[in-house]
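Each chain, letter by letter, is given below.
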Amino acid sequence: MSIMVKPFIIGTRNSGDYLHGGAKVLREGGSALDAIEAATRLVEMNPNDTSVGLGGIPNILGVQEMDASMMCGKTMAAGTVGALKGFIHPISVARKVLDHAPHVILVGEGAELFARVMNCEEGDLSTDMSRKVYDTFVRDAFDHDEIDESQQWVVNYAKSQNLREWYDRLADEHHGTVNIMAMDENGDIASAVSTSGTALKFPGRLGDSPIIGAGNYCDNRYGAAACTGRGELAIRNSTARTIIHYMEDGLSVKEAAFRAMKDIHELKSFGGMNCIAMDAKGNTISATTNPDRESVYYYMDVDMKESEKRIGITVSE
Ligand code: ASP
């Protein structure tokens, strides 16, 4: 395929300082897949990002369960992991699934077994900050005396709640995910998503990030799309695949993202949704359903020394 545009990489608001890792790969002639993995690994190592990798806020039991996915637009191969514990780079485990597994999604113990088979790096992702957020939650939510090793306190706590209202109340400040996508010198595109999911989520909960079509989708012919926000919404609407579908139907990438965010409003459910997307010609956009927040994403091509902040669209009800 001929060179269509200068190779570039884009990512969500928390990735601006890390896109250089992917741009370097692209500059050296590397693939979009390698570029997005490299940049995502850097975000995963940022201990101050409490929603991705190291320092991610744990689930209600105090355990960090990571979700991550990668998709290749050229082959439409995908690899994802969900509720993964104890591995430093969830995105690289997802990459191994993409490259080597006979399956697309692996979760929990199976994902961990696979990661060990693939010699992925094991380690503790908790930090003082992630432990503090959890301890504060436990202190606020529950009388410390009643906490025991058996997890019975969580059962008691959950029984005392309307679980949907409880989930609605979870603090948005600890939400987040990283979405990164790139186009390489062959015009091939790829997309990556990594997250610790909704802070203090119920154990075993999968968000949109490891669900191909919900939080991540990529097809060389049309483009790529990925999401952050309340994952349940993107799962219900198949948001990432829908954005690609809208482009396939002739909408521009901006119109497609706009319409997908309108669809989220139609669910009339709590929580917000955000997306970044690109088309096969290299046009890019981000969008949010949150009226109080500017939609921000970062862009870096191979000739740029640092990433550039771009403003997407806010889609009201
Ligand atoms: N989308 C992620 C999830 O639902 C979290 C987020 O982006 O805030 O797991």
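Structure shown above.
Predicted model only: the values in this text are computed from it and were never measured. (Residues numbered from 1 in each chain as written. Predicted model: local features only at pLDDT ≥ 70, side-chain atom pairs only at ≥ 80, totals over all residues. Heavy atoms only, no water.)

1. Points about the sheet that holds strand S10 (residues 284–288)
Across a sheet, paired strands are connected by hydrogen bonds in the backbone, their directions being either parallel or antiparallel. One open sheet holds the five strands; their spatial order is S7-S8-S9-S10-S13, and the pairing between them is mixed. Looking at the sheet topology across the chains shown, the edges are occupied by strand S7 (216–219) and strand S13 (313–314). Across two bridges, the pairing between S10 and S13 is parallel. Looking across to S13, one finds that Ala-287 is bridged to Ile-313. (Pairing = 2+ DSSP bridges. Helix = DSSP H or I, 4+ residues; strand = E, 2+ residues; numbered from the N terminus.)

2. A word on the packing of helix H1 (residues 19–27) against helix H2 (residues 32–44)
Relative to each other, H1 and H2 sit at 155 degrees, their axes nearing to 7 Å. Classified by the interaxial angle, the pair formed by H1 and H2 is roughly antiparallel. H2 is crossed by H1, and the crossing has right-handed handedness. Here Leu-19, His-20, Gly-21, Gly-22, Val-25 and Leu-26 of H1 lie close against H2, whose contacting residues are Ala-32, Asp-34, Ala-35, Ala-38, Ala-39 and Leu-42. Grouping the constituent residues of the contact of H1 with H2 by class yields eight nonpolar, three polar and one charged. (Axes fitted to C-alpha atoms, helices over the stretch in contact; angles between N-to-C directions. Parallel < 35°, antiparallel > 145°, perpendicular 65-115°, else oblique. Left-handed = near helix turned anticlockwise from the far one by under 90°. Contact = heavy atoms within 4.5 Å. Nonpolar A, V, L, I, M, F, W, Y, C, P; charged D, E, K, R; others polar.)

3. Remarks on the pattern of salt bridges
It is possible for side chains of opposite charge to pair when their charged atoms get near one another. In total, this model carries eleven salt bridges according to the counting rule given. Arg-131 is paired through a salt bridge with Asp-128; the nearest N and O atoms lie 2.8 Å apart. Of this pair, Arg-131 and Asp-128 are both found in helix H5 (residues 128–141), three residues apart, which corresponds to roughly one turn of the helix. Assessed through its relative accessible area of 39%, Arg-131 is described here as partly exposed. With relative accessibility at 61%, the residue Asp-128 sits in the exposed group. For the salt bridge of Asp-219 with Arg-221, the shortest nitrogen-to-oxygen distance reads 2.9 Å. Classification of Asp-219 as buried rests on a relative accessible area of 2%. (Salt bridge = Lys/Arg side-chain N within 4 Å of Asp/Glu carboxyl O. Buried < 20%, exposed > 50% of the residue type's maximum accessible area, 1.4 Å probe, protein only.)

4. What to know about the sheet that holds strand S11 (residues 296–301)
Strand order in the open sheet made by the eight strands is S4-S3-S2-S6-S5-S1-S11-S12, with mixed pairing throughout. Either end of the sheet is taken by a strand with one partner, and the two such strands are strand S4 (105–107) and strand S12 (308–311). Adjacent strand axes in the sheet meet at a mean angle of 15 degrees, parallel and antiparallel pairs treated alike. Taken together, the four bridges between strand S1 (residues 8–12) and strand S5 (residues 178–183) define a ladder with antiparallel strand orientation. From the neighbouring strand, Gly-11 faces S5, where its bridge partner is Ile-180.

5. Details of the pairing of S1
For S1, the buried fraction is high: five of the five residues fall into the buried class. Sheet topology places S1 next to S11; five bridges connect them, and they run antiparallel. Paired with Gly-11 across the bridge in S11 is Tyr-298.

6. Re H5
A rise of 1.5 Å per residue sets the reference length of H5, with its 14 residues, at 20 Å; its end C-alpha atoms lie 20 Å apart and thus fit the reference within 8%. Among the residues of H5, Ser-130, Val-133, Tyr-134, Phe-137 and Val-138 are the ones counted as buried. The buried residues of H5 occupy one face: seen down the axis, they fall within an arc of 130 degrees. Facing away from the buried side of H5 by more than 90 degrees, the exposed set consists of Asp-128, Lys-132 and Asp-140. Lining the buried residues of H5 we find helix H6 (152–159) and helix H7 (163–169). (Expected span 1.5 Å × (residues − 1). Arc of directions from axis to C-beta.)

7. Brief notes about the packing of aromatic side chains
A full pass over the atoms with the stated rule returns six aromatic pairs. Look at Phe-137 and Tyr-157: their rings are 5.9 Å apart centre to centre, the planes differ by 90 degrees, and that puts the pair in the edge-to-face class. Linking Phe-137 in helix H5 with Tyr-157 in helix H6, this pair joins segments that are 20 residues apart in sequence. For Phe-137, a relative accessible area of 11% puts it in the buried group. Between Tyr-157 and Trp-166, the ring centres sit 6.3 Å apart and the planes meet at 80 degrees, which makes this aromatic pair edge-to-face. With respect to class, Tyr-157 is no different from Trp-166; both count as buried. Linked through ring pairs, Tyr-134, Phe-137, Trp-153, Tyr-157 and Trp-166 together constitute an aromatic cluster. One residue, Arg-230, lies across the ring of Tyr-167, its end atom 4.7 Å from the ring centre. (Phe/Tyr/Trp six-rings, centres within 6.5 Å; stacked < 30°, edge-to-face > 60°. Lys NZ or Arg CZ within 6 Å of the ring centre and 35° of its normal.)

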